[in-house]
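Residues per chain, in single letters:
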Amino acid sequence: PAVTSPCKILKCNSEFWAATSGSHHLGTEEAPEFCTALRAYAHCTRRTARTCRGDLAYHSAVHGIDDLMVQHNCSKDGPTSQPRLRTLPPGDSQERSDSPEICHYEKSFHKHSAAPNYTHCGLFGDPHLRTFTDTFQTCKVQGAWPLIDNNYLNVQVTNTPVLPGSTATATSKLTIIFKSFQECVDQKVYQAEMDELPAAFADGSKNGGDKHGANSLKITEKVSGQHIEIQAKYIGTTIVVRQVGRYLTFAVRMPEEVVNAVEDRDSQGLYLCLRGCPLNQQIDFQTIRSAQATEGRARRKGPSLPAPPEAFTYETATAKCREKLPVEDLYFQSCVFDLLTTGDVNFMLAAYYAFEDVKMLHSNKDKLHLYERTRDLVPGNTAPSGTPLTLWVALLCLSQCWFGLL
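Residues numbered from 1 in each chain as written. Predicted model: local features only at pLDDT ≥ 70, side-chain atom pairs only at ≥ 80, totals over all residues. Heavy atoms only, no water.

Labelled according to an unreviewed UniProt entry, the protein appears under the name RGMA protein, originating from Psophia crepitans. Of the protein, the UniProt comment under Sequence similarities (unreviewed entry) reads exactly: "Belongs to the repulsive guidance molecule (RGM) family." The annotation that UniProt attaches to the protein under Subcellular location (unreviewed entry) is "Cell membrane". (UniProt positions renumbered as here; feature names shortened; annotations may be inferred.)

Set out below in structure tokens:
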């Protein structure tokens, strides 16, 4: 069954945007209408508060409402109807093309130094993580997890089971918060969910807001409902979000200086794109049989699970993955693994597009492909050196047959 979020903060955001579009151009005589819409916004967030406790966009909206209440001297008591105010006039910041130099990362931060070193992080499939240090991991990470958390932006993903009771998870929700930065951008929130890949921020805007450098942050829709790209020039960052089948993929290109810009370095342990998944959340192909034993035994004693939409054998899975991924690297292996564990051919496309994003975003073209490495080189993320893909797949199939007899 499709996973739906009970948190309705996106609806609250869009209603407020519709009611206040262009309100920053209103005269003082129309300020009461803005306050009315703001109170309605606050009322909407209160209605969904219980189901939004762990939602970054919700907490951002609540803080934003408080700030706006103070700025416009709005009373918390009063009418809450939402009159539609006039739309943005020509020449608004949504259409500005000029930006101050400080809002262009390469021009402002590196005038007298070498070009920045860019890094890449990606998350796709069941889910598979490529970190900023080119470590490749397959993880469980069910529920909400932070991918990026630095001085400029936060990225959080929510992973849900592909099938009821399954340990196979995939990304069903993504929240990105761009923090307010100098004269460049206001704080902006982007949120995507299954079957909802907006081509705008949560407030309906497509750039960084009212500041002079607003267009240093822009959203572009590449394929409607399937592929968006966010350019944050003020921090030299490009983000690609896709919906492939029912689930989301994430890829980012970011300068090392921005990657490491954190006030509390101790908090980086939860920063998945930098440090990887915790050891207890990693799935090691070498130990996949024992993982199946600990996690599969309880499931198979319970009610029978529905069959995956399509059953793949090792031969049919490798043939299908080879159609899009001719090089047998870790993207290819991930594709095979996902087809065997989920039966969903869209996971093959997720691996394919993840690699296409790597080709576009990774700064070192010699490091596009990743291959199996020993456990000593990359702890807990791949099979031991020399262990062929066929062996761990055989172990997977063998363990599934064994538990079928229990």
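S.K.: I'm lost on the overall build of the protein in this one. Help?
M.R.: Along the protein, the regular secondary structure elements total eleven helices and eleven strands. Burial status across the protein gives 50% buried among its 406 residues. In the protein, 63% of the contacts between residues at least 6 apart in sequence involve partners at least 24 apart. Here the protein displays about 18800 Å² of accessible surface, and carbon together with sulfur accounts for 52% of that area. (Helix = DSSP H or I, 4+ residues; strand = E, 2+ residues; numbered from the N terminus. Buried < 20%, exposed > 50% of the residue type's maximum accessible area, 1.4 Å probe, protein only. Contact = heavy atoms within 4.5 Å. Areas by Shrake-Rupley, 256 points an atom, 1.4 Å probe, with all protein chains shown as cover.)

S.K.: What am I meant to see in helix H9 (residues 330-342) here?
M.R.: Residues three or four positions apart in an α-helix share a direction because the helix packs 3.6 residues into each turn. In this model, H9 (13 residues) spans 18 Å end to end at C-alpha, consistent with the 18 Å of a helix rising 1.5 Å per residue. Across the 13 residues of H9, twelve count as buried, placing the element largely inside the fold. Along H9, the residues classified as buried are Leu330, Tyr331, Phe332, Gln333, Ser334, Cys335, Val336, Phe337, Asp338, Leu339, Leu340 and Thr342. Of the residues flanking the start of H9, the one acting as N-cap is Asp329, its side-chain oxygen 3.1 Å from the backbone nitrogen of Tyr331. (Expected span 1.5 Å × (residues − 1). Polar contact = N/O pair within 3.5 Å; in protein donor to acceptor, adjacent residues only side chain to side chain.)

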